[in-house]
Amino acid sequence: MELLSNCRDHAHKFYGDLLLAAEKTINDVLFEQAERCTNNKEQQRYFEAMQQLKERSGAMHTAFRHELGKSFQAFISGHEEEQTVEEEIDIGKLSLVQRDELEDELAISIIVSKANSRNSETLWKLNKRMAATRGGKSVTDESNPFGPHRICEALQVGVGELLLDNKIRIIFYKQLGKIFVISFAKELDALNGILVEKGILPNLRFSVIKSQQAEPSAPVASAEEGDSEQRPDDTEGLVESQGSITHQQDLYNSIRALQSAVGNRSQTAGGVSFGKVQTNGRDGEDSFSSMDYALALSAIQQSKAFLSAAALNRPLKAEKVEENFIDQLSKQGDKNSRHKMTQGDADTVDLVGMIFRYMLDDTNLHDAVKLMLSHLHTPYLKLALMDKTFLDNYQHSARVLLNTMAEVGGKWVKKDNERNVLPKIKTVVENILTSFVDDPTIFDRLLEDFSRFKENIEKRSRMVEKRNTESQQGLEKLELSRQQAANEIETRLDDDEILEGAVDLLRQPWTDFLAFNLLRHGQDSLTWESALKVVDGVIWSVKPSAVADNKDDFKRHQSDLEVSVTEGLTTIGYDPEASKGLLNSLKEAQELAYHHSVIDAVNKPAPAEAAGATAAPQTPKEKTGKAETKKALKTAPPVLSPEEQTVVEKLKDIAFGTWFEFDREKTSQQLKLAWFSRVSSHYMFVDHSGVKQAVETQYDLAKGMCAGNIRIAEPTKKSFMERALEAVFDKLKLTA
């Protein structure tokens, strides 16, 4: 306990001082932004933020320290909670401030992702050592009270004390990110040092523990909108089931059997001649050893021409690798010692070559990904010749790394200039080319690092998808509120002929105010009832018959209505000049109604005359306006064929997370169903990054599916190695 308290004191002081230093930097940045402003209003915004920072600095630091303390106490007591971005969305809790909160969460998640990626090894070691201090109970990146996740949560709480607008807060987070991301390494190293000094796992070695994962359960669609939905968790990537693993092992054994039947050969499967290198060696003194292969391939791998080709993203054909390898072996060979290759080694050369040839034809991968991964042919051939279990071991780090890079590349890279995944894959490839000589543990480290990278981009994707889903749900609620508001007004307008001045006010801005009111407070609230009473009051105030019966109250009600309408329009931010114009039109309509009521009272006709009188006919313009409004509010559903109606019924139970393929203008795009409304039958689709790409109606979706332009996609369930082994087996069977 004392040891962890020492770590706490060290970390909290470091991060507190860092926030203080960051505060000064942020103040300077705000001042620079203010100087660049082209108008006084924008400049004042930055000056107010600087003032807020000065006045609320103490509250920010107090909240930050308090959150750090809470996190540490929860860790000590063993009650820490690991919150994830996958929390289900409750539309009932949707508020107008959620978007700002979501922007904060996204900004924080980016800082955490970058920090975790930069410090993967250091953070892993700190997690292990801290777990040892509390009896071995697991410590993760999310539960570590000194790691980026918890520190950034505390930062979010602290910044929340400043009461800044969204734009200024994003500037804050951007500057905090720059400072904290590069500073985490120093503190994580220091904390590891404190624990090592006390003898806590001093010889800890960074490694990856691979565990067999269970098959994912089948997705189930939600029964009601707003309920918690089970979604296909496609962001977790491919999970190799026991059936898949057994299938790959059977494929490997069958491939080896087919290769053995070929016997001695003079050229590789790719048509490259073995030249002076014989392939009838029998593991004797005349056969090359694994070290000979390693030396030959390392010479190729680290040659200037090879590295420059990788750096410049030039493609590397399998035949060229085999040609260079055999040529290098010929130079190293000696008739008086080792100069032959065993048949098993020749089979390995062929198998690795066929795997990488398949890679260049794999339709699941973008050309840019194929190009980069093709440079791994040489080091992976070296590994296969050095470690005979590599090609048959589905848990081997190098194999898992290749599968993971192919999976991530296939999923995220859709164009040559992709700026996130491609640079990461290139970095991993270059690390292997420059650092892998004969120690395969490098693949453990690179796999751990790339797995963290994959996890981070998927977390960010889920966050973006969550933000877009909540935004779409908010738009949906707003539209439904507008429809209900319009119905309330049209129902009242249907009863009487209302003067145009009042109609313009009610159908335009007051409909928006009613929708806002309904969305914020609900239809059982007093504010909603009050807003409807204003509608009734406006209609009453422009009806001569009503005014005539209440002449004494007319002036008082007129004044009260003006106040209520003005306040309502101000609430929704309606243009002041436009509001003034509408209020003037309403006053004219009210005065005209009052004037007519007075005239009607003086010139009241005799009963017989009144009985023979007829109401003035409604003008065509007024009739048309009401008819169009009703038509807009009640649109008849389109006529569907029996086939389309069957598809509609299926779409009602489709699972969130289902992938669709859209063919549009000679391009094909795969999009995921992120959400749909059972009220409006709108379906929202996002791409792999979680960004909204389309909103389709249920009917348009059904028509497109029946026409063949839209279809449910079947994402590949097989890893790259499984696909490659299947392709190799099929090819060998044809030539057997």
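Residues numbered from 1 in each chain as written. Predicted model: local features only at pLDDT ≥ 70, side-chain atom pairs only at ≥ 80, totals over all residues. Heavy atoms only, no water.

This part takes up the overall build of the protein chain. Scanning the protein chain for helices and strands turns up 27 helices and seven strands. Across the protein chain, contacts joining residues at least 24 apart in sequence account for 77% of those joining residues at least 6 apart. (Helix = DSSP H or I, 4+ residues; strand = E, 2+ residues; numbered from the N terminus. Contact = heavy atoms within 4.5 Å.)

The contact between helix α12 (residues 367-374) and helix α15 (residues 421-435) brings their axes to 9 Å, and the two run at 10 degrees. As summarised for this structure, α12 and α15 are arranged roughly parallel, according to the angle between their axes. Contact residues: α12 offers Ala368, Val369, Met372 and Leu373, while α15 offers Leu422, Ile425, Lys426 and Val429. The class makeup of the residues in the contact of α12 with α15 is seven nonpolar, no polar and one charged. (Axes fitted to C-alpha atoms, helices over the stretch in contact; angles between N-to-C directions. Parallel < 35°, antiparallel > 145°, perpendicular 65-115°, else oblique. Nonpolar A, V, L, I, M, F, W, Y, C, P; charged D, E, K, R; others polar.)

Below, the discussion takes up the nonpolar core. Counting residues in each nonpolar core, the largest one holds 71 residues, and the members touching the most others are Phe325 and Leu401. Tallying contributions element by element places helix α11 (residues 343-361) first for this core, with nine residues. Setting aside anything within four residues of it in sequence, one finds Leu401 in contact with Tyr380, Val428, Ile432, Phe443, Leu446, Leu447 and Phe450. Formed by 55 residues, the second largest nonpolar core is a distinct cluster that contains Leu3, Leu4, Leu68 and Leu123. (Core = buried A, V, L, I, M, F, W, Y, C linked by side-chain atoms within 4.5 Å. Buried < 20%, exposed > 50% of the residue type's maximum accessible area, 1.4 Å probe, protein only.)

Turning our attention to the side chain of Asn403. By secondary structure assignment, the location of Asn403 is in helix α14 (residues 397-412). Looking at Asn403, the relative accessible area reads 9%, which means it is buried. A polar atom in the side chain of Asn403 sits 2.9 Å from the backbone nitrogen of Met721. What Asn403 contacts, discounting residues up to four positions off in sequence, is Glu240, Ser719, Phe720 and Met721. (Polar contact = N/O pair within 3.5 Å; in protein donor to acceptor, adjacent residues only side chain to side chain.)

With respect to the secondary-structure elements, Asp141 resides in the loop between α4 (120-133) and α5 (148-160). Among the polar contacts listed, one links the side chain of Asp141 to the side chain of Asn127, at a separation of 2.8 Å. Within polar-contact distance, the side chain of Asp141 engages the side chain of Arg452 at 2.2 Å.

A word on the packing of helix α10 (residues 318-332) against helix α13 (residues 377-386). With their axes 10 Å apart at the nearest point, α10 and α13 run at an angle of 55 degrees to one another. By the criterion of interaxial angle, the relationship of α10 to α13 is oblique. For α10 against α13, the interelement crossing comes out right-handed. Judged by residue contacts, Ala318, Val321 and Phe325 of α10 engage His377, Thr378, Leu381 and Leu385 from α13. Its residues placed into classes, the contact of α10 with α13 shows five nonpolar, two polar and no charged. (Left-handed = near helix turned anticlockwise from the far one by under 90°.)

Read across the sheet, five strands follow the order β6-β5-β4-β3-β7 without closing on themselves; strand pairing throughout is antiparallel. Looking at strand neighbours, the two that pair on one side only are β6 (692-697) and β7 (710-712), the edges of this open sheet. Going across the sheet, the axis of each strand differs from the next one's by a mean of 35 degrees, ignoring polarity. Bridge analysis of strand β3 (residues 659-664) against strand β4 (residues 667-676) gives six bridges, and the strand direction is antiparallel. By the bridge assignment, Phe662 is partnered in β4 with Gln669. Sheet strands touched by helix α16 (residues 442-493): β4, β5 (682-686) and β6. Its angle to β4, the strand with the most contacts, is close to 65 degrees. The strands touched by helix α26 (residues 698-707) within the sheet are β3, β5, β6 and β7, with β6 carrying the most contacts at an inclination of about 95 degrees. (Pairing = 2+ DSSP bridges.)

Taken as a whole and judged by the stated rule, the model has 36 salt bridges. The salt bridge partner of Glu42 is Arg45, with a shortest N-O separation of 3.3 Å. Residue Glu42 and its partner Arg45 are located together in helix α2 (residues 40-77), separated by three residues, close to a single helical turn. By relative accessible area, which is 21% here, Glu42 ends up partly exposed. Accessibility expressed as a relative area gives 26% for Arg45, which makes it partly exposed. (Salt bridge = Lys/Arg side-chain N within 4 Å of Asp/Glu carboxyl O.)

Quick look at helix α7 (residues 242-262) now. Count 3.6 residues to each turn of an α-helix, and residues three or four apart come out pointing the same way. Compared with an ideal rise of 1.5 Å per residue, which puts 21 residues at 30 Å, α7 spans 31 Å between its outermost C-alpha atoms and is within 8% of the ideal. Here α7 has its buried residues at Ser244, Ile245, Gln248, Leu251, Tyr252, Ile255, Arg256 and Gln259. Down the axis of α7, the smallest arc covering the buried residues is 130 degrees, so these residues share one side. In this structure, the buried side of α7 is in contact with α11, α14 and α27 (720-735). (Expected span 1.5 Å × (residues − 1). Arc of directions from axis to C-beta.)

The backbone of Leu163 sits at a positive phi, close to 55 degrees, despite the residue not being glycine. Here Leu163 is to be found in the loop between α5 and α6 (166-197). Unlike most non-glycine residues, Ser681 shows phi in positive territory, near 60 degrees. Structurally, the position occupied by Ser681 is in the loop between β4 and β5. Residue Ser681 is classed as buried on the basis of its relative accessible area of 16%.

Let us look at the packing of aromatic side chains. Enumeration according to the criterion identifies 19 aromatic pairs in this entry. Taking the centre distance of 4.5 Å and the plane angle of 40 degrees together, the rings of Trp510 and Phe513 count as tilted. Note that Trp510 and Phe513 are positioned in helix α18 (residues 509-521) at a spacing of three residues, about one turn of the helix. Overall, the relative accessible area of 10% leaves Phe513 in the buried class. Three or more aromatic residues joined by ring pairs form one cluster here, namely Phe356, Tyr380, Phe390, Phe436 and Phe443. Lying across the ring of Phe436, Lys382 places its NZ or CZ 4.7 Å from the centre. (Phe/Tyr/Trp six-rings, centres within 6.5 Å; stacked < 30°, edge-to-face > 60°. Lys NZ or Arg CZ within 6 Å of the ring centre and 35° of its normal.)

For Leu3, the location among the structural elements is in helix α1 (residues 2-36). Overall, Leu3 belongs to the buried group, its relative accessible area being 17%. With 191 residues separating them in the primary sequence, Leu3 and Ile194 have C-alpha atoms 8.4 Å apart. Not counting the four nearest positions on each side in its chain, Leu3 is found in contact with Thr133, Ile194, Leu195, Lys198 and Ile200.

All right, on to the pairing of β4 then. In textbook terms, the turn of a hairpin is the stretch between consecutive antiparallel strands, and for β3 and β4 this stretch comprises two residues, one of which, Glu665, has a positive phi near 50 degrees. Two elements, β4 and β5, share four bridges in a ladder whose sense is antiparallel. Bridging from a neighbouring strand, Leu673 pairs with Phe685 of β5. Joining the antiparallel neighbours β4 and β5 is a turn of five residues, in which Ser681 adopts a positive phi near 60 degrees.

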